[in-house]
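Next come the chains, spelled out residue by residue.
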Amino acid sequence: MDSFEKIASLAKRRGFIYPGSEIYGGLAGTWDYGPLGTELKRNLKNEFWRSMVQFRDDVVGIDAAIVMNPKVWEASGHLESFSDPLVECKKCHHRFRADQLEKSVCPDCSGELTAPKQFNLMVETYLGVVEGEKLKTYLRGEITQGVHVNFKNVLSSTRVKLPFGIAQIGKAFRNEITPGGFTFRSREFEQMELQFYVHPVRNKTWNMSAYQSPIDRISNGINPKEIDSMDWFEYWKEERLKWYYSLGMKKENLHFKEHAKDELAHYARAAFDIEYRVDGAWKEMEGIHHRGDWDVKRHQEFSKEDMTYFDEETKERYLPYIIETSGGVDRATLFFLIDAYEEEKLEGGDERTVLKLHPKLAPRKAAVFPLLANKPDLVKLAKTIHDDLKKEFVVTWDDRGNIGKRYRAQDEAGTPFCITVDFNSLEKNDVTVRDRDSMKQDRVSIKELKSYLVEKLK
Ligand code: GAP
């Protein structure tokens, strides 16, 4: 089994992710998150929001509509250029993305393929109540445009000044030709993005060795209009990589891949992907794009609204450049699961599967067990502890099967701590706390349990 299959199996078994509409035979490219997956994805999005919006003075957040005026997609270039090359097998009529095929024949039946034609990925939808007069529009193909159309609204309703960013998390939809790799390529998915607006400086002579942190330079009094937009591009590349490290992703499984000129999206002047390594192959997880002034210029042209920024200090008026960081929430969730997944051989010949998720991402921080479910004194004390911890942490309760089985279930759920109430607890007011990764057990007094967990979960 490869990593995608192993994670898909664990995800279904433990309630992280299920196939979409499964009882009706599924719907290709759609997935439903179960109880554990919902918590994990929510933790991931919260971490993104905390580090990209709440911890920063130069970024604000918005939440724009999924369905937008169709002119947005004309302006953004998505109706014209957001496509992949599609080929069809003349024999079995299966369809493929031409750029993903290793050979020039059908991978399913070796039949001859048609010449590639561009297939637009935008998902159409219709709004309105009168048949024949419905407005044809689209489910957003990227969450980006909801930010750019609100650039002026944010400027006039907040106190932001360039350079600043607008972050957003939300669903996007693409009619992918070949959804697959579990949730890796879906037709409905979530993105977490930052659009960072900067002064339009771009020196032809800029190269990596010229990089200096723009944040340091601004705090040393340098005027932002002296700062090359490529410095911001480098800055955000590094920030995003550090974010994945900070949540425990293994460094050796992450790297940058630069887009060659002929690989750039229609809006990008430069692009790097943060790629994650799965079973030896590198896969895109997040894109960092220098979008130039593409979006604001096009929206100005198509909407006839002024999209320029006026700098009160220098009395300059200009269209800003945009540095974008665009991550997939579902892809990151999948790669965090793969990264955390371990099959371990234990002493005595046993094996266990464990998800060594970072405590901040773990769906539940602790599980509370009474040693025996049929001893009311143990159950009562364990319930008191559970209800008390619930006020501070996401905790769960388990009293089924033996302790060994409960540990295995919590290991697969990625729960960092298991707390057992036993007969000694009744006399000594303490509990056993078992660590998921080391499997070591500590005896902790009930009074100190909260502060013990706070310390360990840091
Ligand atoms: N706004 C820029 C943009 O959308 P992108 O490279 O097309 O750029 C950004 O997408 C990220 O969104 C990708 O790096 C990936 O993580 C995620 N993504 C894109 N298509 C996806 C799909 N079909 N299924 C799951 N995630 C996807």
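1. Looking at the overall build of the chain
1) Next: Secondary structure summary: the chain contains 14 helices and 23 strands in total.
2) Next: Expressed along its principal axes, the backbone C-alpha trace of the chain runs to roughly 75 × 65 × 55 Å.
3) Next: With 458 residues in all, the chain has 51% of them scored as buried.
4) Next: The contacts of the chain with a sequence gap of at least 6 include a subset with a gap of at least 24, amounting to 64%.
5) Next: In the chain, 71 side chains carry a positive charge and 75 a negative one; their mean positions are 2 Å apart.

2. A word on the nonpolar core
1) Next: Grouped together as the largest cluster of nonpolar side chains are 57 residues, with contacts concentrated most on Phe16, Met192, Tyr244, Met285 and Phe335.
2) Next: With 21 residues, the next largest nonpolar core counts Val379, Trp397, Phe417 and Val431 among its residues.

3. Here's the deal with a nonpolar patch on the surface
1) Next: Together, Val67, Leu127 and Leu135 make up an exposed nonpolar region whose accessible area comes to about 230 Å².
2) Next: When you line up the elements, Leu135 lands in strand β8 (residues 135-139).

4. Details of the environment of Glu263
1) Next: Looking at the element boundaries, Glu263 is found in the loop between β11 (254-258) and β12 (270-278).
2) Next: Apart from the residues within four sequence positions on either side, Glu263 is in contact with Lys257 and Glu258.
3) Next: Among the polar contacts listed, one links the side chain of Glu263 to the backbone nitrogen of Ala260, at a separation of 2.7 Å.

5. Digging into helix α12 (residues 403-413)
1) Next: For α12, a buried count of eight out of 11 residues is recorded, marking the element as mostly surrounded by other parts of the structure.
2) Next: Residues of α12 that are buried: Ile403, Arg406, Tyr407, Ala409, Gln410, Asp411, Glu412 and Ala413.
3) Next: A distance of 3.1 Å separates the backbone nitrogen of Gly404 from a side-chain oxygen at the start of α12, and that oxygen is part of Asn402.
4) Next: Among the residues trailing α12, Gly414 stands out with phi positive, at a value near 80 degrees.

6. Observations regarding the sheet that holds strand β6 (residues 117-120)
What links the strands of a sheet is backbone hydrogen bonding, and the strands pair in either a parallel or an antiparallel sense.
1) Next: The strand order across the open sheet built from three strands is β5-β4-β6, with neighbouring strands paired in antiparallel fashion. Of all the strands in the sheet, the pair left with one neighbour each is β5 (95-97) and β6. Taking the axes of each pair of neighbouring strands and ignoring which way they run, one obtains an average angle of 50 degrees across the sheet.
2) Next: Inspection of the sheet shows strand β4 (residues 83-88) paired to β6 by four bridges, in the antiparallel sense. Bridge assignment links Ser83 to a residue of β6, and that residue is Asn120.

The rules we used
Think of each chain on its own: its residues are numbered from 1, step by step along the sequence as written. Confidence filtering applies because this is a predicted model: local features only for residues at pLDDT of at least 70, side-chain atom pairs given and counted only at 80 or more, and all residues used for totals across whole chains, interfaces and linings. Only hydrogens and water are set aside; all other atoms, that is, all heavy atoms of the structure, feed into the side-chain values. Secondary structure elements are defined from DSSP: runs of H or I of at least 4 residues count as helices, runs of E of at least 2 residues count as strands, and each element is numbered from the N terminus. In this scheme, a residue with accessible area under 20% of its type's maximum is buried, one over 50% is exposed, and one in between is partly exposed, where area comes from a 1.4 Å probe on protein chains only. Contacts: residue pairs with any heavy atoms within 4.5 Å of one another. A positive count includes Lys and Arg, and a negative count includes Asp and Glu. His and the chain ends are not counted in either. For charged residues, the charge sits on one atom: NZ in Lys, CZ in Arg, CG in Asp, CD in Glu. Only buried residues count toward a nonpolar core. Its members are Ala, Val, Leu, Ile, Met, Phe, Trp, Tyr and Cys residues joined through side-chain atoms within 4.5 Å. Patch rule: a residue counts if its relative accessible area is over 30% and it has no salt bridge; like charges are joined within 9 Å, and nonpolar side chains (Val, Leu, Ile, Met, Phe, Trp, Tyr) within 5 Å. The accessible surface values rely on the Shrake-Rupley method and a 1.4 Å probe; as for residues, cover is taken only from the protein chains in view. Note on definitions: salt bridges are taken to be side-chain nitrogens of Lys or Arg within 4 Å of carboxyl oxygens of Asp or Glu. Whenever two N or O atoms come within 3.5 Å, that pair is a polar contact, provided that in protein one can donate a hydrogen and the other can accept it, and provided that, for residues adjacent in sequence, both atoms are side-chain atoms. Pairing between two strands is assigned when DSSP locates at least 2 bridges connecting them. In this analysis an axis means a line fitted to C-alpha atoms, helices contributing only their contacting stretch, and an angle means the value between N-to-C directions, from 0 to 180 degrees.

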